[in-house]
Amino acid sequence: FGDKFKKPKGSWDCAVCLVSNKAEDNKCVACQSEKAGSSVPVTSSGVSAFSASSGGFLGLDKFKKPEGSWDCETCLVQNKAEATKCVACESAKPGTKAELK
Ligand SMILES: [Zn+2]
Ligand SMILES: [Zn+2]
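Treat the numbers as computed from the prediction; the structure is a model and nothing was measured. (Residues numbered from 1 in each chain as written. Chains lettered and ligands numbered in written order. Predicted model: local features only at pLDDT ≥ 70, side-chain atom pairs only at ≥ 80, totals over all residues. Heavy atoms only, no water.)

A. The coordination of the zinc ion (ligand 1), seen in detail. Summarising the metal site, the zinc ion (ligand 1) is bound by the protein donors Cys14 (SG), Cys17 (SG), Cys28 (SG) and Cys31 (SG), whose distances to it range over 2.2 to 2.3 Å. Because the angles between the 4 donor atoms bound to the zinc ion (ligand 1) fall within 102 to 120°, the donor set is best described as tetrahedral. Classification of Cys14 by relative accessible area gives buried; the value is 1%. (Donors = N, O, S within 2.8 Å, 3.2 Å for Na, K, Ca; no water. Tetrahedral: all angles 85-135°; square planar, octahedral: opposite > 155°, others 65-115°. Buried < 20%, exposed > 50% of the residue type's maximum accessible area, 1.4 Å probe, protein only.)

B. Quick look at the confidence of the model for the protein chain. Taken as a whole, the protein chain shows an average pLDDT of 78; of its residues, 62% reach a score of 70 or greater. Per-residue pLDDT, averaged within each element of the protein chain, yields its smallest value for helix α1 (residues 44-54) (51) and its largest for strand β4 (residues 78-79) (94). (pLDDT = per-residue confidence, 0-100. Helix = DSSP H or I, 4+ residues; strand = E, 2+ residues; numbered from the N terminus.)

C. Expanded view of unusual backbone geometry. Phi at Leu76 takes a positive value of approximately 65°, unusual for a residue other than glycine. If you trace the backbone, Leu76 turns up in the loop between β3 (70-71) and β4.

D. Structural context of the coordination of the zinc ion (ligand 2). Listed as protein donors to the zinc ion (ligand 2) are Cys72 (SG), Cys75 (SG), Cys86 (SG) and Cys89 (SG); their distances from the metal cover 2.2 to 2.3 Å. In this structure, the zinc ion (ligand 2) is surrounded by 4 donor atoms whose angles at the metal cover 102 to 121°, and the resulting shape is tetrahedral. Counting the intervening residues between successive donors of the zinc ion (ligand 2) yields the motif C-x2-C-x10-C-x2-C. Residue Cys72 is classed as buried on the basis of its relative accessible area, which comes to 1%.

E. Structural view of the environment of Pro94. Mapped onto the elements, Pro94 comes out in the segment after β4. On the basis of relative accessible area, Pro94 is assigned to the partly exposed category, the value being 32%. Once the C-alpha coordinates of Pro94 and Cys72 are considered, the two residues, 22 residues apart in sequence, prove to be 7.4 Å apart. Aside from chain neighbours lying at most four places away, what touches Pro94 is Trp70, Asp71 and Glu73. (Contact = heavy atoms within 4.5 Å.)

F. Geometry of the side chain of Ser11. Relative to the helices and strands, Ser11 resides in the segment before β1 (12-13). Taking relative accessible area as the criterion, Ser11 reaches 18% and is therefore assigned buried. Residues in contact with Ser11, not counting those within four places in the same chain, are Asn21, Lys22 and Ala23.

Now the structure itself:
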């Protein structure tokens, strides 16, 4: 019972005149009252706090790898740039093709 009166998704009732408005309407079609909740103040402070937390990434700089070093895809051991095979499992360095002769 009452299912046929189901409102379209996003529709809203005017708080002033109780007219039912469509989701895309920003004002009441009857009395031009603003849609309830549409005037939420946008706080930019919350946004800056967000980006500040991601700035913690900079702390990883001290873990910077020696230039050219590479991580073995198989055992994740870090190898020196001059190593062409993993020192641990002897897997070939990623990106280096087996030389064809
Ligand atoms: Zn209204
Ligand atoms: Zn390895």
